[in-house]
Amino acid sequence: MLKSTPHPTFRSVLAARRAAGSAVRVAGAHDALGGRLAEAAGFDAVWASSLEVSAARCLPDASVLTMTEYLEAAANTQKALGIPVVADVDTGYGNNLNVAHMVREYEAAGITAVAIEDKQFPKMNSFVATSHTLLDTETFASKLRVAKQAQRTEDFFVIARTEALIDGLGVEVALERCHAYVDAGADAVLVHSKKPTNEQVLAFLAEWQDRAPVVVVPTTYPDWHIDDAVKAGVSTVIYANQGLRATIRALRETFGTIVDRGATTELEDRIASVKDIFALQGLAEWQELESA
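Here we summarise the structure given alongside this text.

Cut-offs and rules
- Residues numbered from 1 in each chain as written.
- Predicted model: local features only at pLDDT ≥ 70, side-chain atom pairs only at ≥ 80, totals over all residues.
- Heavy atoms only, no water.
- Helix = DSSP H or I, 4+ residues; strand = E, 2+ residues; numbered from the N terminus.
- Polar contact = N/O pair within 3.5 Å; in protein donor to acceptor, adjacent residues only side chain to side chain.
- Contact = heavy atoms within 4.5 Å.
- Salt bridge = Lys/Arg side-chain N within 4 Å of Asp/Glu carboxyl O.
- Buried < 20%, exposed > 50% of the residue type's maximum accessible area, 1.4 Å probe, protein only.
- Pairing = 2+ DSSP bridges.
- Axes fitted to C-alpha atoms, helices over the stretch in contact; angles between N-to-C directions.
- Patch = residues over 30% accessible without salt bridge, like charges linked within 9 Å, V, L, I, M, F, W, Y side chains within 5 Å.
- Areas by Shrake-Rupley, 256 points an atom, 1.4 Å probe, with all protein chains shown as cover.
- 1 Å grid on protein atoms, 1.4 Å probe; cavity = no way out; pocket = protein on both sides within 12 Å on 5 of 7 lines; lining within 4 Å.
- Points joined across faces, edges and corners; volume = space filled by probe spheres on them.
- Nonpolar A, V, L, I, M, F, W, Y, C, P; charged D, E, K, R; others polar.
- Right-handed = clockwise from strand over helix to strand, strands pointing away.
- Arc of directions from axis to C-beta.

## As for the side chain of Asp187
Tracing the chain through its elements places Asp187 in the loop between α7 (171–183) and β6 (188–191). In this structure the side chain of Asp187 is engaged in a polar contact, spanning 3.2 Å, whose partner is the side chain of Arg11. Aside from chain neighbours lying at most four places away, what touches Asp187 is Arg11, Lys148, Phe156, Phe157, Val158, Ala212 and Pro213.

As structure tokens, this is what we get:
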């Protein structure tokens, strides 16, 4: 699309979904093409996933890439979409000053929501079997206060992500931290669990009483239907890495078939056409410039 596509803010999308008694559905992506496919499928927003962006570079999700590299991926995705991007900004890329810089740069790039987590820098992906040490509550709350002070528009949305359950600290600690984060100005909280069921998240929601919107990432408990999540008090569901995982399998099978068979004939009815690629690129609109 040649013209910049106006997109609603994440805050407005969330408000509309909550008013309708539903939740925001968010799909993880690492580039504009993935984001455009998510939008076409009907998702409300795209998660600029640090796991996906890192994996696309064949690097671990361990604070290896810089803010500039993550911002470029998120901004390029947002430019191609008519739905908002929610940027995964890990721990905020440093101290309070780094957080302020991050907010201003992402906001200037058209990103209307970020999620910042309460781990110490450098962070490791939540599903890695290692220690996941958190910042103390007040230090992270200070980051959130700075983030809210740094934003230039009222629409910018800050999601405070607690890794208390990932660190094995339990539901009560997660609740205490999230209350402190909302007190510090967070617009929503993200409660992350790697248990094989939603039991911990349900226990959190039962005590939270909808003080602020709750975001969940049901990677390890995929059987939780979104309607049931809404009934429990969830406002946003992020399907953070399913697209990446599907891509890996599809490419592995496709490339393997070509090598094994020596031709692509049997693949042609199972893969996208070149015409489909042209449509996703907005080629027809570019061609119109030739006759302008």
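## With respect to the pattern of salt bridges
Counted by the stated rule, this structure contains 17 salt bridges. Residue Asp210 is joined to Arg18 by a salt bridge in which the shortest nitrogen-to-oxygen separation is 3.3 Å. Taken together, the residues Asp210 in the loop between α8 (199–208) and β7 (214–216) and Arg18 in helix α1 (residues 10–19) connect sequence positions 192 residues apart. Judged by its relative accessible area of 43%, Asp210 is partly exposed. Between Arg161 and Glu163 there is a salt bridge, with the nearest N and O atoms lying 2.9 Å from each other. With respect to burial, Arg161 and Glu163 carry one shared label: buried. Through salt bridges that share partners, Asp61, Asp90, Glu117, Lys119, Lys123, Arg161 and Glu163 make up one connected network.

## Points about the sheet that holds strand β2 (residues 45–48)
What the 8 strands build is a closed barrel, ordered β1-β2-β3-β4-β5-β6-β7-β8; its pairing is parallel. Pairwise comparison of adjacent strand axes, ignoring direction, gives a mean angle of 25° for this sheet. Sheet analysis places β7 next to strand β8 (residues 236–239), joined by 2 bridges and oriented parallel. Residue pairing in the sheet places Val215 in a bridge with Thr236 of β8. Here helix α4 (residues 67–79) sits on the sheet in contact with β2 and β3 (85–88), set at roughly 175° to β3. Where helix α6 (residues 137–150) meets the sheet, its contacts fall on β4 (113–117) and β5 (157–162), and the angle it forms with β5 comes to roughly 170°.

## Remarks on a nonpolar patch on the surface
On the surface, Leu251, Phe255 and Ile258 cluster together into a nonpolar patch covering about 260 Å² of accessible area. Mapped onto the elements, Leu251 comes out in helix α10 (residues 242–261). Relative accessible area serves as the criterion here: at 41%, Leu251 is assigned to the partly exposed category.

## Brief notes about empty space enclosed by the protein
Counting across every chain of the model gives 3 cavities of 30 Å³ or more. The calculated volume of the largest cavity comes to roughly 140 Å³. In terms of lining residues, the largest cavity is bounded by 15 residues, among which Leu51, Asp88, Asn125, Arg161 and Ala240 are the most central. Tallied by class, the residues present in the lining of the largest cavity amount to 5 nonpolar, 6 polar and 4 charged.

## Examining the pairing of β6
Neither face of β6 is exposed, since Ala188 and Leu190 on one face and Val189 and Val191 on the opposite face are all buried. Pairing geometry for β5 and β6, over 4 bridges, is parallel. Looking at the pairing, Ile159 lines up with Ala188 of β6. You can see the chain leave β5, run along α7 and come back into β6, and the turn it takes is right-handed. Inspection of the sheet shows β6 paired to β7 by 2 bridges, in the parallel sense. Looking at β7, one finds that Leu190 is bridged to Val215.

## Focus: the layout of surface pockets
Any empty space left between the atoms is revealed when a probe the size of a water molecule rolls over them. In this structure, the largest pocket occupies an estimated 1,100 Å³ of space. Lining of the largest pocket is provided by 36 residues; of these, Leu33, Gly34, Leu37, Thr247 and Leu280 occupy positions nearest its centre. Elements represented by at least two residues in the lining of the largest pocket include exactly β1 (24–29), α2 (32–41), α10 and α11 (274–281). The greatest single-element share of the lining of the largest pocket, amounting to 10 residues, is contributed by α10. Of the residues in the lining of the largest pocket, the class split is 20 nonpolar, 9 polar and 7 charged.

## So, α2
Of the residues making up α2, those classed as buried are Gly35, Arg36 and Ala38. End-on view of α2: buried residues confined to an arc of 160°, all on one side of the axis. Opposite its buried face, α2 presents the exposed residues Ala40 and Ala41, each directed more than 90 degrees away. On its buried face, α2 sits against β1, β2, α4 and α11.

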